Amino acid sequence: MQLVDETARTRSIVLDVPAWAGHRAGQHVDVRLTAADGYQAQRSYSIASAPEDGYVVLTVQRLDDGEVSPYLTQELRIGDELELRGPIGGYFIWEAKLGGPLFLVGGGSGFVPLRAMLRHYLAVGGTVPLRVLYSSRSLPDVIYREELIRMREDHGLDIRFTLTRRQPTGWSGYARRIDLPLLAEVAFPSGARSLTYVCGPTEFVEAAAGGLVELGHGASGIRTERFGPTGT
Amino acid sequence: MTISRGFRGRRRTDVDPARVPPGQYVTGDFPVLSAGPTPHTRLSDWTFEIRGAVDAPVWWGWEDFLALPSETPTVDIHCVTKWSKLDTTWRGVPVDTLLDGVETAAGYVLAFCDGGYTTNLPLRDITGGKAWIAYEYQGGPLAPEHGGPARLLVPHLYFWKSAKWVRALELRDDDEPGFWETYGYHMYGDPWKEQRYRGD
């Protein structure tokens, strides 16, 4: 096991899972914690690594009022064992045979399963047109920041960021929440019949997926995964 | 069982443990999960249909549907993604009312929804006062992201069976897997038996 602090609130747990049968990019696992007295708590976490990576990475965002995420991001140490079940999920996945053009739209820690897809795309030498949009509060909140910038520079991938709350001086990317003009600029034309994966908090997914439908994209080509409370 | 070193958990003392199925935690939020964009069907285009292995299909438009006798069940709901929410109040038409007068020998039902979602249930699980087509939540119209204008409400099964944006119940002789069921989720989904995934 290896622990990598990705941002102030997120940590990647790199796991060596004995007899891991493999997974597809976009799937998740259930993590179950057991207290000494037998009390258990379980939650689902997206897998951040590609099937080709040879290890399983979970990137967990700490929720201050959470039960499992504070343990995973603050208490878990190298050498501890973790009980996993999975991989789970068969719809929010991308593999090369599904084709493209491929549009990945992530908000905050919703980028985690999309990172698995991106790594898979590079690992298999993906050739379908690819565009990536990552919405985050600020640059320090962008998970896998250096890796993504490297992918952009070394592989010429079209990865764009929008920073919704704070932007560094001289920032040339987008600086607002996702809206129709932004989507129209970044998405493939609706006639391209792209395959779109949207993951993030509910309002983000509503804005992105709903916006694409408004722009004429077919709903059947848009796959979504949501997390987090709605507040209602 | 692996003991997680240093894990104590945050047990809630304000919740009756007998109301929380195994592996679930109680939340005050109402998380949203769906596989695709939220459909926005105009009420003037909305219909609800009972079809399939029936003598004659029946259907209602929105106004006719609202005119049917309704109930306001207060129920606990349990999502396969581990959250449970207690004491949620809905308004909806009991499925028994919709099936009143429908002659069928079918044992199963496949619910069809806007957006292409489907889910399968035994017919006996949506009759006998166990299920509703709900169109209000906590006293207000059901929000689109929560399945509005109307969703199936089958609180004794995992909540993916309570299909959002439901438009038709197709009565069937066979138990045809729905959307999540074809992707590895359990055919029945009893939260008290923790039937989350195929094979549970």
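All values reported here derive from a predicted model rather than from experimental measurement.

**Student:** Looking at this structure, how should I read the sheet that holds strand β8 (residues 130–136) of chain A?
**Tutor:** What links the strands of a sheet is backbone hydrogen bonding, and the strands pair in either a parallel or an antiparallel sense. All names here are of chain A. The strand order across the open sheet built from five strands is β9-β8-β7-β10-β11, with neighbouring strands paired in parallel fashion. For this open sheet the edge positions go to β9 (158–163) and β11 (222–227), each flanked by a neighbour on one side alone. Mean inter-strand twist for the sheet, computed between neighbouring axes without regard to direction, equals 10 degrees. By the bridge criterion, five bridges tie strand β7 (residues 102–107) to strand β10 (residues 195–201) in an arrangement that is parallel. Note on β10: the bridge partner recorded for G106 is C199. Sheet strands touched by helix α5 (residues 202–214): β7, β8, β10 and β11. Its angle to β10, the strand with the most contacts, is close to 155 degrees.

**Student:** So what exactly am I meant to see when it comes to the domain arrangement of chain A here?
**Tutor:** By a frequent convention, interface size equals the accessible area lost on bringing the separate parts together. Residue and element names in this part refer to chain A. By domain assignment, chain A separates into domain 1 (2–88) and domain 2 (96–227). Placing the centre of domain 1 and that of domain 2 at their C-alpha centroids yields a distance of 23 Å. Taken together, the contacts link 16 residues of domain 1 with 14 residues of domain 2. Partitioned by chemical class, the residues of the side of domain 1 that touches domain 2 number six nonpolar, seven polar and three charged.

**Student:** In this structure, what is going on with the interface of chain B and chain A? I would like to understand it.
**Tutor:** Taken together, the contact pairs 31 residues of chain B with 35 residues of chain A. Looking at the side of chain B that touches chain A residue by residue, the classes come out as twelve nonpolar, twelve polar and seven charged.

**Student:** Is there a simple way to think about unusual backbone geometry in this case?
**Tutor:** Residue P101(A) follows G100(A) across a cis peptide bond; omega there is 0 degrees. Looking at the element boundaries, P101(A) is found in the loop between β6 (83–88) and β7. In this structure, the amide linkage connecting G148(B) to the following residue, P149(B), adopts the cis form with an omega of 15 degrees. A positive phi angle, near 50 degrees, is found at R193(A), a position not held by glycine. Within the secondary structure, R193(A) sits in the loop between α4 (180–186) and β10.

**Student:** Help me understand the nonpolar core, please; the structure alone is not making it clear to me.
**Tutor:** The nonpolar side chains of a soluble globular protein tend to be buried with one another. Formed by 56 residues in total, the largest nonpolar core has its most connected members in L58(A), L104(A), M117(A), Y197(A), V198(A) and A208(A). Structurally, this core is a two-domain feature, drawing no fewer than three residues from each of domain 1 (2–88) and domain 2 (96–227) of chain A. In this structure, F65(B), V95(B), Y135(B) and W165(B) belong to the second largest nonpolar core, which totals 41 residues.

Each value, and the rule that gives it
- Residues numbered from 1 in each chain as written.
- Chains lettered and ligands numbered in written order.
- Predicted model: local features only at pLDDT ≥ 70, side-chain atom pairs only at ≥ 80, totals over all residues.
- Pairing = 2+ DSSP bridges.
- Helix = DSSP H or I, 4+ residues; strand = E, 2+ residues; numbered from the N terminus.
- Axes fitted to C-alpha atoms, helices over the stretch in contact; angles between N-to-C directions.
- Contact = placed C-beta atoms within 7 Å.
- Domains from an automatic or database assignment.
- Nonpolar A, V, L, I, M, F, W, Y, C, P; charged D, E, K, R; others polar.
- Core = buried A, V, L, I, M, F, W, Y, C linked by C-beta atoms within 7 Å.
- Buried ≥ 20, exposed ≤ 12 C-beta atoms within 10 Å, placed from the backbone.

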